[in-house]
Amino acid sequence: MRSKRNQRANLLRYLLLLAGAVLCTLPMIYMISTSLRPNGALYEFPPRFFPRLSAVTLENYQYILTQSKFYINFLNSVLVSVSSVALAAGVSSAMAFVIGKFNFPGKRLLFGFIILTMIIPGTTMIVPQFELATKLGLVNKLWGLIPFYVAWVIPFSTFMIKGFMEGIPNEITEATYIDGASVMTVFLRIALPLAAPAIASVSIFNFLTAWEEYPWANTVINDTSLRTLPIAIAGFFGQHQFTQWGYVFAMSVLTLIPVIIVFITCQKFFVQGLTAGSVKG
Amino acid sequence: MEMRSRSNRFQLAALLAPGLIVFGTFTAYPIFRLLWTSFCDWQLGSMLQQPWIGLANYQDVLSDSTFWTVFVNSIVYTLVTVPGQMLIGLFVAVLLNGIRRFSVGFRVINYLPVITSWVIASLVFRYIFNTEGLLNYVLTKGLGITSQNVRWLDTRWSGLSVAMILGIWKGVGWNMVVFLAALQQVPADLYEAAEIDGCGAWKKFCNVTLPSIRSTILFALIMLTIGGFNVFTSIKMITGGKPAHQTDTLLTWMYHKAFSTGKFGYAAALSFIMALTLGLLAIVQIKAMKNKDL
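The rules behind the values
- Residues numbered from 1 in each chain as written.
- Chains lettered and ligands numbered in written order.
- Predicted model: local features only at pLDDT ≥ 70, side-chain atom pairs only at ≥ 80, totals over all residues.
- Helix = DSSP H or I, 4+ residues; strand = E, 2+ residues; numbered from the N terminus.
- Buried ≥ 20, exposed ≤ 12 C-beta atoms within 10 Å, placed from the backbone.
- Contact = placed C-beta atoms within 7 Å.
- Axes fitted to C-alpha atoms, helices over the stretch in contact; angles between N-to-C directions.
- Left-handed = near helix turned anticlockwise from the far one by under 90°.
- Nonpolar A, V, L, I, M, F, W, Y, C, P; charged D, E, K, R; others polar.
- Domains from an automatic or database assignment.
- pLDDT = per-residue confidence, 0-100.
- Core = buried A, V, L, I, M, F, W, Y, C linked by C-beta atoms within 7 Å.

1. So, the overall build of chain B
- Helices and strands together make up the secondary structure of chain B, namely 13 helices and zero strands.
- In chain B, the succession of helices and strands from N to C terminus is α-α-α-α-α-α-α-α-α-α-α-α-α.
- In terms of overall dimensions, chain B has a C-alpha envelope of 80 × 75 × 35 Å along the principal axes.
- For chain B, buried positions account for 44% of its 294 residues.
- Considering only intrachain contacts with a sequence separation of at least 6, the fraction spanning at least 24 residues in chain B is 67%.

2. A look at the packing of helix H12 (residues 245-265) of chain A against helix H5 (residues 118-129) of chain B
- Viewed as axis vectors pointing N to C, H12 of chain A and H5 of chain B meet at an angle of 145°, and their least axial separation amounts to 10 Å. H5 of chain B is crossed by H12 of chain A, and the crossing has left-handed handedness. Touching Trp245, Val248, Ser252, Thr255 and Leu256 of chain A of H12 of chain A are Ile120, Leu123 and Tyr127 of chain B, all from H5 of chain B.
- Looking at the contact of H12 of chain A with H5 of chain B, its residues break down into six nonpolar, two polar and no charged.

3. Quick look at the domain arrangement of chain A
Residue and element names in this part refer to chain A.
- On domain assignment, one finds that chain A holds domain 1 (2-58) and domain 2 (67-280).
- Summarising the inter-unit geometry, the C-alpha centres of domain 1 and domain 2 are found 33 Å apart.
- For the side of domain 1 that touches domain 2, the residue count by class is three nonpolar, three polar and one charged.

4. Observations concerning the confidence of the model for chain A
- Averaged over every residue, the pLDDT of chain A is 88; residues scoring 70 or more account for 91%.
- Per-element confidence in chain A is highest for helix H3 (residues 68-101) of chain A, whose mean pLDDT is 96, and lowest for helix H13 (residues 267-280) of chain A, whose mean pLDDT is 62.

5. Digging into the interface of chain B and chain A
- Taken together, the contact between chain B and chain A spans 74 residues of the former and 73 residues of the latter.
- Here the side of chain B that touches chain A takes 18 residues from helix H1 (residues 6-37) of chain B, the largest share from any one element.
- For the side of chain B that touches chain A, a count of residues per class yields 53 nonpolar, 18 polar and three charged.

6. A closer look at the nonpolar core
- Formed by 154 residues in total, the largest nonpolar core has its most connected members in Val150 and Ile233 of chain A.
- For this core, the element with the highest residue contribution is helix H7 (residues 156-184) of chain B, accounting for 15 residues.
- Not counting residues within four places of it along the chain, the set of residues in contact with Val150 of chain A comprises Ser84, Leu87, Ala88 and Val91 of chain A together with Val22 of chain B.

7. Some words on unusual backbone geometry
All names here are of chain B.
- In this structure, Pro243 follows Lys242 across a cis peptide bond, with omega equal to -5°.
- For Pro243, the location among the structural elements is in the loop between helix H11 (233-238) and helix H12 (250-259).
- Even without a glycine there, the phi angle at Phe102 is positive, about 65°.
- Its place among the elements puts Phe102 in the loop between helix H3 (65-97) and helix H4 (103-115).
- Look at Phe102 and you get partly exposed, because 14 C-beta atoms sit within 10 Å.
- Phi angles above zero are rare outside glycine, and His245 is one such case at about 65°.

8. A short note on the environment of Gly144 of chain A
All names here are of chain A.
- Structurally, Gly144 is set in the loop between helix H5 (126-135) and helix H6 (145-166).
- As a C-alpha pair, Gly144 and Ala217 span 73 residues in sequence and 9.6 Å in three-dimensional space.
- Each residue touching Gly144, except ones within four places of it in the same chain, is listed here: Ala133, Leu138, Val139 and Val220.

Here's what the structure looks like:
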């Protein structure tokens, strides 16, 4: 009796989850299917969810992939994202190590302030940041994006890695100090390797943040050759009076592929990173 | 660990310095600059001179009817998308917590919208909700619910609704992961005790699950509220604020004021009002969660 009820409840769970999975993926499938049909009709009539098999074409992908612009945009995105992630990982874990493992005057105030800035949505500061970028000559420069992206993710990264650093047993670090090691050695040889999982999960988030960032890059980058992928896609969208949806979505699919690869391969770290902050509260 | 030698103290400073310099220059300084310029007359032609004008910018903002329109839009967006994401996310997490097979697969699929960039997701939703788009076709020809195409993107509430649906669609996965992790930490003996007391599934959920994941609910609530006020790209891509700024939110309106009309002082004051609102909301949320027994 009881097991039958359980079975029915289980079936219901799977059905609901399946429905949710369909809702999650429908827009993405529609995007892919639109990218696979001829670009001629602006809005296909009647619209179809799946393209007719006989009409499936790769012409949108061919068009995007024969344009040197796409490779430049792609490379720009890779350069900016990877440098931002690497720099953010370095400076944040150094800060997290010092804040998590040492006491110094003003520490609580400093950390509190860093955390407090997370309350302010990033785009809120776009006006003073634009003024700053102008003063420092960082407008319309690809590498000018990097310090802003790094600064953006420092609070979250430091917060997450600090929790991990605090968890490193003092006995391990103490023993190394007694052996005559310097602070720097302990950071590089002990703290960094032990905090590697936290740094990895934070870095995945930071990569996503940089890879998809739109408002700031759209504000400071003017040259077509300096655009990152999100700006290039958005630019495609506004370029002609009639949007070439086939091109837009082919480029979108190509942009999403690296993200999905990163996500699937690092799935485990992802969950770890997300939960470290939330459960501890 | 105390700092014994001078060289160690120097090394600690060297470890802190790079992060502090970047954070100080590109985040902390702009915050103070934002506060300062919100009290100054700062417009596009007056870049060099920014005389102090006290609260004039704030008066400008608060007496501007468009500000109140976009303020209400942001509040409505937050009030709809935050509980929407949390409830659905928690529901999915509870379902996932109850199954054994395919759990990872479902998790990955539910998380896909989260990792899809805002620009791309917004364009897909725009395409679907376009007047000549798929949804209208399904509604008119497929199901026959409406006789004419609905102009989803052209009116205030329908345009905002599209953005809100997108916001919920994109946010459920994050909530699911966060809540699932919290659910897995609830001690099993609490459930056993409740079962002995004769609690049904719903009672167990209310009396055991919810109180146990309270800190996670608070965490999600605060993060999502910030996210709700941060809505920008989807509005820009889906409605562009049309018609006549009726669908603009605080940030897209601030952006318009700053970069299309050159009123930087106004934009700074607006940003600060928004930051203050968020700060107050966070305090209220923390207080409410600490006091009340869920």
